[in-house]
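What follows is the residue order along each chain.
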Amino acid sequence: MTKLTWLSHGGWMIETGNHRVLLDPFLTENPAALISAEQLPDIDHILISHGHFDHVADAATIANQHDATIVAIYEIAEWFTNTQHVQSTIGMNIGGQLDLPFGSVKMTPALHSSQLPDGSYGGEPAGFLVTIDRSRIYFACDTALFSDMKLYAENVDIAVLPIGDLFTMGIDDSVAATKLIGAKKVLPAHYGTWPPIAQDASQWADRIRGETTAEPVVLQVGESINL
Ligand code: NI
Ligand code: MN
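Residues numbered from 1 in each chain as written. Chains lettered and ligands numbered in written order. Predicted model: local features only at pLDDT ≥ 70, side-chain atom pairs only at ≥ 80, totals over all residues. Heavy atoms only, no water.

Asks: Is there a simple way to think about the coordination of the nickel ion (ligand 1) in this case?
Replies: Reference geometry at the metal: tetrahedral coordination by four donors gives ideal angles of 109.5 degrees; octahedral coordination by six donors gives 90 or 180 degrees. Around the nickel ion (ligand 1), the donor atoms from the protein are His50 (NE2), His52 (ND1), His112 (NE2) and Asp142 (OD), and they sit 2.2 to 2.3 Å away. Classification of the site at the nickel ion (ligand 1) as irregular follows from its 4 donor atoms and the range of 89 to 177° in their angles at the metal. Linear spacing of the donor residues for the nickel ion (ligand 1) on their chain is H-x1-H-x59-H-x29-D. In this structure, the nickel ion (ligand 1) lies 3.2 Å away from the manganese ion (ligand 2), the two metals sharing Asp142 as a donor. One end of the pair, His52, is in the loop between β4 (45-47) and α1 (53-56); the other, His112, is in the loop between β8 (103-109) and β9 (126-132), with 60 residues separating them in the sequence. (Donors = N, O, S within 2.8 Å, 3.2 Å for Na, K, Ca; no water. Tetrahedral: all angles 85-135°; square planar, octahedral: opposite > 155°, others 65-115°. Helix = DSSP H or I, 4+ residues; strand = E, 2+ residues; numbered from the N terminus.)

Structure (structure tokens):
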């Protein structure tokens with residue numbers, strides 16, 4: 001069984017078999033987080049989409065505590081190795097696929113920016129297409145709407161899209177992205193953390209139900225969906 005849990009903001013945990021994988025964990029300085037980094041179960045991989053603080057802030061601490069491997073674009077993987085003293089990193093790049101013990105991970109494009117907190121160059125921002133058994137989960141991560149999403153994520157089982165607006169696509173464009181992709185289920189993310197990205201998720205869900213063929217699944221922080 002595979003379980004996907006929303007940690008709040010852009011942060012997710014995938015549990016499958018005896019593996020636990022994080023995406024963009026952001027807990028310590030996150031007013032919406034319900035658990036601290038110390039309360040996480042044992043983690044083996046951490047996927048990082050881009051260099052902004054709300055995606056990288058807790059990753060090095062968690063990685064070193066759990067001997068977890070950070071997977072990120074080459075420039076960010078190097079930054080974790082060289083400046084954050086993370087023991088295990090894997091650098092990849094957009095369009096590349098990587099087989100890991102829990103499944104495969106493909107790095108997809110994102111339309112955003114990516115500078116690390118100390119000003120270092122973070123390469124290009126990314127999303128991830130994660131395939132576990134035969135289920136495909138598309139994490140768009142921080143991005144605007146762009147039509148190439150369809151090439152990477154057409155008919156995925158689950159699409160996780162940002163809806164917070166201001167820094168990423170908002171509700172209108174997430175509805176358009178859902179139509180474009182044709183996802184079976186769509187989950188909102190990157191909203192509600194701070195007032196500038198507040199959104200009414202039930203209004204978003206009504207739009208998805210009314211205008212697309214996807215099933216909206218609104219998780220509260222800490223809630224999970226089984227694949
Ligand atoms: Ni960002
Ligand atoms: Mn962000």
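Asks: Sorry, what's going on with the coordination of the manganese ion (ligand 2) here?
Replies: The coordination sphere of the manganese ion (ligand 2), as far as protein atoms go, consists of Asp54 (OD), His55 (NE2), Asp142 (OD) and His190 (NE2), spread over 2.1 to 2.2 Å. Mapped onto the sequence, the residues coordinating the manganese ion (ligand 2) show the spacing D-H-x86-D-x47-H. Judged by relative accessible area, which is 1%, His55 ranks as buried. (Buried < 20%, exposed > 50% of the residue type's maximum accessible area, 1.4 Å probe, protein only.)

Asks: Honestly, the packing of helix α5 (residues 171-181) against helix α6 (residues 201-211) in this entry has me stumped. Any pointers?
Replies: When two helices pack together, you describe them by how their axes are tilted relative to each other and by the distance separating the axes. Following both chains from N to C, one finds α5 and α6 inclined at 35°, their axes separated by 10 Å at the closest point. For α5 against α6, the interelement crossing comes out right-handed. Between α5 and α6, the residues in contact are Ile171, Asp172, Ser174, Val175, Thr178 and Lys179 and Gln203, Trp204, Arg207, Ile208 and Glu211, respectively. Taken together, the residues of the contact of α5 with α6 break down into 4 nonpolar, 3 polar and 4 charged. (Axes fitted to C-alpha atoms, helices over the stretch in contact; angles between N-to-C directions. Left-handed = near helix turned anticlockwise from the far one by under 90°. Contact = heavy atoms within 4.5 Å. Nonpolar A, V, L, I, M, F, W, Y, C, P; charged D, E, K, R; others polar.)

Asks: Would you mind going over the pattern of salt bridges with me for this structure?
Replies: Close approach of charged atoms lets side chains of opposite charge pair. Tallied over the entire structure, the rule returns 6 salt bridges. For Lys150, the salt bridge is made with Glu154, and the minimal N-O distance between the two is 3.1 Å. In this structure, Arg209 and Asp206 form a salt bridge, with 3.0 Å as the shortest nitrogen-oxygen distance. Note that Arg209 and Asp206 are positioned in helix α6 at a spacing of 3 residues, about one turn of the helix. By sharing partners, the salt bridges in this structure join Asp172, Arg207 and Glu211 into a single network. (Salt bridge = Lys/Arg side-chain N within 4 Å of Asp/Glu carboxyl O.)

Asks: Please explain the nonpolar core as it appears in this structure.
Replies: Considering soluble globular proteins, one finds that nonpolar side chains tend to be buried as a cluster. Formed by 75 residues in total, the largest nonpolar core has its most connected members in Leu4, Trp12, Ile46, Phe80, Tyr138 and Phe139. Residue contributions to this core peak at 5 residues, all from β9. Residue contacts for Phe80: discarding those within four places in its chain leaves Ile48, Val56, Ala59, Ala60, Ile70, His85, Val86 and Thr89. (Core = buried A, V, L, I, M, F, W, Y, C linked by side-chain atoms within 4.5 Å.)

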